[in-house]
Amino acid sequence: MKRIVSTVLAAALVLSLAACSNGDAGTSAADDSSEAVTAETSSDAAGDTDAEESDLAYIQEKGTLIIGYTVYAPMNYTDDEGNFTGFDTELATAVCEKLGVTPEFQEINWETKVIELDAGTIDCIWNGMTLTEDIMENTACTEAYAKNAQVIVMNKDAEYTGTADLVSASIAYEAGSAGQETIEAEENLSQADLVPMATQADCLPEVKAGSCQAAVLDLTLANAMIGEGTSYTDLEIKDELNVEEYGVAFRKGSDVADAVNEAFAALREDGTMQALADKYNLELAD
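The next point concerns the nonpolar core. Nonpolar side chains in soluble globular proteins tend to be buried together. Ranked by internal contacts, the top residues of the largest apolar core, which has 53 residues, are Phe87, Leu91, Trp126 and Tyr145. For Leu91, the residues in contact, after removing those within four places along its chain, are Trp126, Tyr145, Phe264, Leu267, Met273 and Leu276.

See the structure below:
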């Protein structure tokens, strides 16, 4: 009897194991099927991503180009009559007209400009932005449209024979700017007491008051804001450190930069860019 029971139990165990084995196989097959569907879905999703609208199409659909800027004469500033204007302001407006969108200017913190761009709070950085290696690596940049340089601004009566004179001086600069990169790369200036400011314009009162002995600024801003007919008649450019070029930055991979380049070409051809350069005393890039 025990032998019969044992035989029955053994048979039942075999059947049970077979059922489990088949169940596992079924589950495995289902998993394989599920993975195939998932892979297919992922593939479809990737295809959908590739088929998504371009950055240019997105901007044109919403109808606005949000432009990140800081107050920086003669590029973007408010004139004595209360009008928001400047070379970049007018150029951006002309480009937006060709793109079929409306410019929307949004003041930003220059030091975090690329972070704001990547976060989507702005569509581009357009504010006398120097085409540095870092900017060109991390954004989609247009071709250069204007020339610039970094200059040392000091009081007229200050003695200056070279950057070695400023090793122990206090130097004001705009945080996150090309001026900062220039200072840090220059052997003598990098040893000075460096004073970061929110904007380049904020550096000028520091030099005028004597709290800083010098400032490193863009040539375009210095030409517009110091000397005869300005609030800083006692300041002057003592040295020119390097030559730079301005461009516009969009999110990395964006196709808007190419569209803006096409607009630049058209505005060069019809004389608009040169007229603006003459108006704001700038030199266009070659």
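Further notes follow.
Now for the packing of helix H3 (residues 87-99) against helix H9 (residues 256-269). Contact pair H3 / H9: the axes reach a minimum separation of 10 Å and the direction vectors enclose 110 degrees. When the interaxial angle is binned, H3 and H9 end up roughly perpendicular. Packed against H3, whose contacting residues are Leu91, Ala94, Val95, Lys98 and Leu99, the element H9 presents Ala259, Val260, Ala263, Phe264, Ala266 and Leu267 at the interface. When the residues that make up the contact of H3 with H9 are grouped by side-chain class, the tally is 10 nonpolar, no polar and one charged.

Moving on: the packing of aromatic side chains. Per the counting criterion, the structure on display carries eight aromatic pairs. Between Phe84 and Phe105 the ring centres are 5.2 Å apart and the planes differ by 65 degrees, which places this aromatic pair in the edge-to-face class. Taken together, the positions of Phe84 in strand E3 (residues 84-85) and Phe105 in strand E4 (residues 102-107) put the pair 21 residues apart, joining distant regions of the chain. You can call Phe84 partly exposed: its relative accessible area is 31%. A relative accessible area of 23% places Phe105 in the partly exposed class. Ring plane angle 45 degrees and centroid distance 6.5 Å describe the contact between Tyr145 and Tyr246, whose orientation is recorded as tilted. Residue Tyr145 is located in the loop between strand E6 (139-141) and strand E7 (146-155), and its partner Tyr246 is located in strand E11 (residues 235-251); the two are separated by 101 residues in the primary sequence. A relative accessible area of 0% places Tyr246 in the buried class. An aromatic cluster of three or more residues is present, and its members are Phe87, Trp126, Tyr145, Tyr246, Phe264 and Tyr280.

The rules we used
Residues numbered from 1 in each chain as written. Predicted model: local features only at pLDDT ≥ 70, side-chain atom pairs only at ≥ 80, totals over all residues. Heavy atoms only, no water. Core = buried A, V, L, I, M, F, W, Y, C linked by side-chain atoms within 4.5 Å. Buried < 20%, exposed > 50% of the residue type's maximum accessible area, 1.4 Å probe, protein only. Contact = heavy atoms within 4.5 Å. Axes fitted to C-alpha atoms, helices over the stretch in contact; angles between N-to-C directions. Helix = DSSP H or I, 4+ residues; strand = E, 2+ residues; numbered from the N terminus. Parallel < 35°, antiparallel > 145°, perpendicular 65-115°, else oblique. Nonpolar A, V, L, I, M, F, W, Y, C, P; charged D, E, K, R; others polar. Phe/Tyr/Trp six-rings, centres within 6.5 Å; stacked < 30°, edge-to-face > 60°.

Honestly, that's just the spatial picture; any functional story needs more than this.
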